[in-house]
Amino acid sequence: MLQPNILLDQSPSHCIKDVAVNWHGTKMAVCSNNCVIIWSMNNQQKWIKEDVGIELDKLKTVQKVSWAHPEFGQIIAVSTVNEISIWEFAATDCGGQWCNRTSPPLSEPRHLLIRDISFSPSYFGMGRSRALDLAYCTDSGLLKIRRCKDARLLKDWETVKEICYVKDSFTCLAWNVTPSCSMIAVGTSDSSANGTHGEVKLFQYDDFKNEWVAGDYVTKSPNSQIHDVAFAPNPGRSFHTLAIAGAELEIIDFKVTDHFKVKRVNQDRNKVDPEQNRVEVWKLSWSSLGTTLCATGDDGLIRLWKNNNRWECTRTIKFNGMAV
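Only a predicted model underlies this, so the values are computations on that prediction, with no experimental measurement involved.

The rules behind each value
- Residues numbered from 1 in each chain as written.
- Predicted model: local features only at pLDDT ≥ 70, side-chain atom pairs only at ≥ 80, totals over all residues.
- Heavy atoms only, no water.
- Helix = DSSP H or I, 4+ residues; strand = E, 2+ residues; numbered from the N terminus.
- Buried < 20%, exposed > 50% of the residue type's maximum accessible area, 1.4 Å probe, protein only.
- Contact = heavy atoms within 4.5 Å.
- Phe/Tyr/Trp six-rings, centres within 6.5 Å; stacked < 30°, edge-to-face > 60°.
- 1 Å grid on protein atoms, 1.4 Å probe; cavity = no way out; pocket = protein on both sides within 12 Å on 5 of 7 lines; lining within 4 Å.
- Points joined across faces, edges and corners; volume = space filled by probe spheres on them.
- Nonpolar A, V, L, I, M, F, W, Y, C, P; charged D, E, K, R; others polar.
- Pairing = 2+ DSSP bridges.
- Axes fitted to C-alpha atoms, helices over the stretch in contact; angles between N-to-C directions.
- Salt bridge = Lys/Arg side-chain N within 4 Å of Asp/Glu carboxyl O.

Participant: Just checking my understanding: could you explain the environment of Ile-226 for this structure?
Facilitator: In this fold, Ile-226 is placed in the loop between strand E18 (211–221) and strand E19 (228–231). Given the relative accessible area of 0%, Ile-226 is considered buried. Taking the C-alpha atoms as reference, Ile-226 lies 9.7 Å from Glu-248; in sequence the two are 22 residues apart. Excluding residues within four positions of it along the chain, Ile-226 makes contact with Thr-171, Cys-172, Gly-187, Thr-188, Gly-198, Glu-199, Val-200, Ser-221, Ile-244 and Ala-245.

Right, here's the structure in full:
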């Protein structure tokens, strides 16, 4: 049952940049100013703030956070404007603490802005061996994939692939969560005298070349940049499902050909109810089976979408007049 619990007050001192839930849905990381606050769900399905969290230098602001697969332990990637640090929870007799395993942090030049970060599922890697990979994108059109050389130490990270796509600014990314296909979707933004538009581009791992290659476009948004992308979990489907947040919500089923071209399928079933799809969408999250989509919009509402021959909003949630 969904419960609208208020975790942080509306004090001006709190500026929440990002929220991420771990793979089991039992812990939540909330980015507020220079801190990452950790919350745990108790047996009564209530979120309880943990005593220990992550605190960066006061001059830095946390922008994004991502949980690693639990196979590697309790690991969080934290990004500021142009740096990424990897934190691990170390248990002690007194409970435990979060320890920074990357010193110095993974960094990009000062003129680049890291827009999104995401750990891979555990089965990604060369030949889909189990590896701890981290992907991130920047506002200059740079997509970089880094791999931890030793997941026990988390100290050394090598660059597996670096793709520079100078045409647009990257805004967000998402890993495909299907073991049979190594794929990353990246959202873009391009501003001109005619306004702002965006695209969703695929990058796919080529098993024959043993490298990441640029693939096809999934969709183009003529009226807005892409704010978020999210692959649906794929329990046995023969196609991929991708949700796109922009000027409106878009949900696309597609297959990828041998030449990395996108072929749309189920287009009639994937229409989104136009009466309920009139606000700009900012953040997306799928249920564990990929049958329900949660989306936040400009009007401060959270909408739950389900497919019944078309995507319809089945429930809305509002938090005491606060913008979501």
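That was the structure; now back to the text.
Participant: Help me understand the packing of aromatic side chains in this model?
Facilitator: The way to describe two aromatic rings as a pair is by their centre distance and the angle between their planes. In total, this model carries nine aromatic pairs according to the counting rule given. Ring centres 5.9 Å apart and planes at 80° place the aromatic pair Trp-175 and Trp-212 in the edge-to-face group. Taken together, the residues Trp-175 in strand E15 (residues 169–175) and Trp-212 in strand E18 connect sequence positions 37 residues apart. Like Trp-212, Trp-175 is buried. Taking the centre distance of 5.8 Å and the plane angle of 70° together, the rings of Tyr-205 and Trp-212 count as edge-to-face.

Participant: Looking at this model, I keep getting lost on empty space enclosed by the protein. Mind explaining?
Facilitator: With a probe scaled to a water molecule rolled over the atoms, the places where space remains empty come into view. In the structure shown here, the tally under the stated rule is two cavities of 30 Å³ or more. Empty space within the largest cavity amounts to approximately 60 Å³. As for the largest cavity, its lining consists of Leu-249, Gln-276, Asn-277, Val-279, Val-281, Ala-295, Thr-296, Gly-297, Leu-301, Arg-303 and Trp-305. Secondary structure elements with two or more residues in the lining of the largest cavity: strand E24 (292–297) and strand E25 (302–307). Sorting elements by how many residues they give to the lining of the largest cavity places E24 first, with three residues. A per-class count over the lining of the largest cavity returns six nonpolar, four polar and one charged.

Participant: What's the story with the layout of surface pockets in this structure? I'm lost.
Facilitator: When its volume is computed, the second largest pocket comes out at roughly 360 Å³. Lining the second largest pocket are 19 residues, and of these Gln-204, Val-256, Thr-257, Asp-258 and Phe-260 lie nearest its centre. At the level of secondary structure, the elements contributing two or more residues to the lining of the second largest pocket comprise strand E17 (195–206) and strand E21 (249–256). Residues of the lining of the second largest pocket, tallied by class, amount to six nonpolar, seven polar and six charged.

Participant: What am I meant to see in the sheet that holds E15 here?
Facilitator: As a general point, the strands of a sheet are linked pairwise by backbone hydrogen bonds and lie either parallel or antiparallel. What the four strands build is an open sheet, ordered E15-E16-E17-E18; its pairing is antiparallel. Looking at which strands have only one partner, the edges of the open sheet turn out to be E15 and E18. Looking at each pair of strands side by side, their axes are set apart by 25° on average, direction ignored. Where E17 lies against E18, eight bridges are found, and the strand directions are antiparallel.

Participant: Looking at this structure, how should I read the pattern of salt bridges?
Facilitator: Working definition: two side chains of opposite charge can pair if their charged atoms are close together. Following the criterion strictly, the structure yields 15 salt bridges and no others. Between Lys-144 and Glu-108 there is a salt bridge whose closest N-O contact spans 2.9 Å. You can see Lys-144 sitting in strand E13 (residues 142–148) and its partner Glu-108 sitting in the loop between strand E10 (106–107) and strand E11 (114–119), a full 36 residues away along the chain. Its salt-bridge partner being Asp-273, residue Arg-310 comes within 3.7 Å of it at the nearest N-O pair. On the criterion of sequence distance, the pair formed by Arg-310 in the loop between E25 and strand E26 (311–317) and Asp-273 in the loop between strand E22 (262–265) and strand E23 (281–286) is long-range, its members being 37 residues apart.

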